[in-house]
Amino acid sequence: MQKIQSKLKLLFIFSILFFLSGCEEFKDVDKDVFVSMIGIDLSEDKDKPYKVILKLFVPTSSFKQNPEANYTYLVEKGETLSEAIRMLETHIDKELDFGHMKLIVIGEELINNNKTKEILDFLLRRPDIQLISWITVGRPNAEEIVKMVPAGETAAYPSLYNYFDGNGTESPYIVTTFLFDFRRRMMDNGLDPILPIVQVSENKTTFTVNKSFVLKDKKTPFELDSLSTLVFNTLSMNVQMADIEVNEENELFVARLDKIKAKNKVKVQKDNQVSLEIDAKLVGYIAESENALNMRDLPKYSQLLEKEAKDKITKFMKLLQSEGIDPIGFGLKYKAQTIHHKRMSTEEWKEAYKNADVKVKVSASLKSTGSIQ
């Protein structure tokens, strides 16, 4: 009887398995086409305000046989971004795969029209778009950036990726913003979003990335020039190397920094008086000079570097305060160190931040005057 009962149980279990659903329908790889980057622009059609540009990899059987870059482009307008994507799916016989996409380019006009929240909502809701994708601003528009193929680009890896992945150029003027970080900055009070600006160089053969936009809700985005972007990267610890030109006391030289450490604090006194304290430590060597240099005068050169760096950081902070923007995150630090029922309101903090006392301390150490043989 026990054997019969065991067999009946097994038969019952196997009969249930027949009714279980299987895996999702599998498609061969040759039925997919991979998107390398997406561009989003503001169109001229009021009924269809969004213009989506997709840059697609063209499959190749051998990199040696086809080493040059080869892409296909799809462009469509829509009332919403989802509608534009759905229409683009009718332009090609394969499934659009966003899983390998690493770069999102938003047109400058969309940024100036404060459409970032709508775009962010679309990007976050699609499960096939990676949160580690880089997000940038295209000048004058995203289509020109997406369709640009620099000389020497290979089919394996778009050249624009090298600006942000840390494996190519490592310029202190380049801001790298991931999609997940952009979302965090858009959602949190006290930390304003910052995006790099990508534009085509004057000779139309390469890209130029040395400026950035700081976004503020319901305000026109504020553009940081190259020097301000450099200072931001230095204070945010986004770079390991930087150059600072020193022009003090009849000395003109360029200090190459190969070690940068920056810390910042927020201190609140009585009556909501706020002080912003920045402590930066710089280590490097002199890479260029108009005058003959003496190793014995390195302490003097270090002091000149301290003064120059302090002036640049102070001017940068005053600029942020005057515009009411905070890409470094002093407001977030204030919230983290203050109990919720003792915090200032958002408006009170904005006023306190604008009128805050900025205290900058710079410690510089130059190791040598460079190598001259």
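On a predicted model such as this, the values are computed, not experimentally measured, just so you know.

Reading the values: rules and limits
- Residues numbered from 1 in each chain as written.
- Predicted model: local features only at pLDDT ≥ 70, side-chain atom pairs only at ≥ 80, totals over all residues.
- Heavy atoms only, no water.
- Helix = DSSP H or I, 4+ residues; strand = E, 2+ residues; numbered from the N terminus.
- Rg over C-alpha atoms; globule rule 2.2 N^0.38 Å.
- Buried < 20%, exposed > 50% of the residue type's maximum accessible area, 1.4 Å probe, protein only.
- Contact = heavy atoms within 4.5 Å.
- Lys, Arg positive; Asp, Glu negative; His and termini not counted.
- Charge placed at Lys NZ, Arg CZ, Asp CG, Glu CD.
- Pairing = 2+ DSSP bridges.
- Patch = residues over 30% accessible without salt bridge, like charges linked within 9 Å, V, L, I, M, F, W, Y side chains within 5 Å.
- Areas by Shrake-Rupley, 256 points an atom, 1.4 Å probe, with all protein chains shown as cover.
- Salt bridge = Lys/Arg side-chain N within 4 Å of Asp/Glu carboxyl O.
- Polar contact = N/O pair within 3.5 Å; in protein donor to acceptor, adjacent residues only side chain to side chain.
- Phe/Tyr/Trp six-rings, centres within 6.5 Å; stacked < 30°, edge-to-face > 60°.
- Lys NZ or Arg CZ within 6 Å of the ring centre and 35° of its normal.
- Arc of directions from axis to C-beta.
- Axes fitted to C-alpha atoms, helices over the stretch in contact; angles between N-to-C directions.

Peer 1: So what exactly am I meant to see when it comes to the overall build of the chain here?
Peer 2: For the chain, the helix and strand inventory stands at 10 helices and 13 strands. The C-alpha radius of gyration of the chain comes to 27 Å, more than 25% above the 21 Å expected for a compact globule of 373 residues. Taken along the three principal axes of its C-alpha coordinates, the chain extends 95 × 60 × 60 Å. For the chain, the proportion of its 373 residues judged to be buried stands at 43%. Considering only residue pairs separated by 6 or more positions, the chain has 69% of its internal contacts joining residues 24 or more positions apart. Charge centroids of the chain, computed over 52 positive and 55 negative side chains, lie 8 Å from each other.

Peer 1: Teacher, can you tell me more about unusual backbone geometry here?
Peer 2: Across residues other than glycine, the phi torsion is negative in most instances, and most of the peptide bonds are trans. Following Arg139, the chain continues to Pro140 via a peptide bond in cis, the omega torsion being 5 degrees. Secondary-structure assignment places Pro140 in the loop between β6 (134-139) and α5 (142-147). Its identity is not glycine, yet Asn114 carries a phi of approximately 55 degrees, on the positive side. Within the fold, Asn114 resides in the loop between α3 (108-112) and α4 (116-125). Although it is not a glycine, Lys204 sits at a positive phi angle of roughly 60 degrees. By the secondary structure assignment, Lys204 is in the loop between β7 (194-200) and β8 (207-214).

Peer 1: Help me understand the pairing of β6, please; the structure alone is not making it clear to me.
Peer 2: For a regular strand, side chains alternate in direction, first toward one face of the sheet and then toward the other. The element β6 is largely enclosed, with a buried count of six among its six residues. Burial of the side chains of β6 extends over both faces: Trp134, Thr136 and Gly138 are buried on one face and Ile135, Val137 and Arg139 on the other. Strand direction decides the pairing type here: strand β5 (residues 103-107) and β6, joined by five bridges, are parallel. Looking across to β6, one finds that Val105 is bridged to Thr136. One ladder, built from three bridges, connects β6 with β7; its direction is parallel.

Peer 1: I'm lost on a nonpolar patch on the surface in this one. Help?
Peer 2: Taken together, Leu10, Phe12, Ile13 and Ile16 make up a surface patch of nonpolar side chains, about 400 Å² in accessible area. Note on placement: Phe12 falls in helix α1 (residues 2-17). By relative accessible area, Phe12 is classed as exposed at 54%.

Peer 1: I keep staring at the side chain of Glu143 and nothing clicks. Help me out?
Peer 2: Tracing the backbone shows Glu143 in helix α5. At 2.9 Å, the side chain of Glu143 and the side chain of Lys147 are in polar contact. If near-sequence neighbours (up to four positions away) are discounted, Glu143 is found in contact with Asp41, Lys51, Ile53 and Val75.

Peer 1: For this particular structure, what's the right way to read the packing of aromatic side chains?
Peer 2: The relation between two aromatic rings is expressed through the spacing of the ring centres and the mutual angle of the planes. Under the counting rule described, the total for this entry stands at nine aromatic pairs. Ring geometry for Trp134 versus Phe164: centroids 6.1 Å apart, planes at 35 degrees, classification tilted. With Trp134 in strand β6 and Phe164 in the loop between α5 and α6 (179-187), this residue pair connects regions lying 30 residues apart in the sequence. The pair Trp134 / Phe164 is uniform in exposure class, with both members buried. Aromatic ring contacts, followed pair by pair, group Trp134, Tyr161, Tyr163, Phe164 and Phe207 into a single cluster. Over the face of the ring belonging to Tyr71 we find Lys55, whose NZ or CZ atom lies 4.4 Å from the ring centre. The residue whose ring lies beneath Arg126 is Phe98, and the NZ or CZ to ring-centre distance is 4.7 Å.

Peer 1: What is the right way to look at helix α10 (residues 346-354) in this model?
Peer 2: Residues lying three or four places apart along an α-helix face the same way, a consequence of the helix completing one turn every 3.6 residues. Along α10, the residues classified as buried are Trp349, Ala352 and Tyr353. Seen along its axis, α10 keeps its buried residues to an arc of 100 degrees; they face one direction.

Peer 1: Explain the sheet that holds strand β10 (residues 242-248) to me, please; I cannot follow it from the model alone.
Peer 2: Where strands meet in a sheet, backbone hydrogen bonds hold them as pairs that are either parallel or antiparallel. Across the sheet, which stays open at both edges, the four strands sit in the order β10-β11-β12-β13 with mixed pairing between neighbours. Only two strands of the sheet have a single partner each, and these edge strands are β10 and β13 (357-366). When the angles between neighbouring strand axes are averaged without regard to direction, this sheet yields 40 degrees. Bridge analysis of strand β11 (residues 251-268) against strand β12 (residues 274-289) gives 15 bridges, and the strand direction is antiparallel. From the neighbouring strand, Val268 faces β12, where its bridge partner is Val274. Packed onto the sheet, helix α7 (residues 226-235) meets β10, β11 and β12 and runs at close to 60 degrees relative to β11. Taken strand by strand, helix α9 (residues 330-337) contacts β11 and β12, and its axis lies near 35 degrees from that of β11.

Peer 1: What am I meant to see in the pairing of β7 here?
Peer 2: When you tally the buried positions in β7, you get six out of seven residues, the bulk of the element. Looking at chain direction, β7 and β8 are connected through six bridges and run antiparallel. Bridging from a neighbouring strand, Pro196 pairs with Ser212 of β8. Adjacent in sequence and paired antiparallel, β7 and β8 are bridged by six residues, among which Lys204 carries a positive phi angle near 60 degrees.

Peer 1: Looking at this structure, I do not really get the environment of Lys307. What am I missing?
Peer 2: Position of Lys307 among the secondary structure elements: in helix α8 (residues 298-323). For Lys307, a relative accessible area of 42% gives the class partly exposed. Separated by 59 residues in sequence, Lys307 and Glu248 place their C-alpha atoms 8.4 Å apart.

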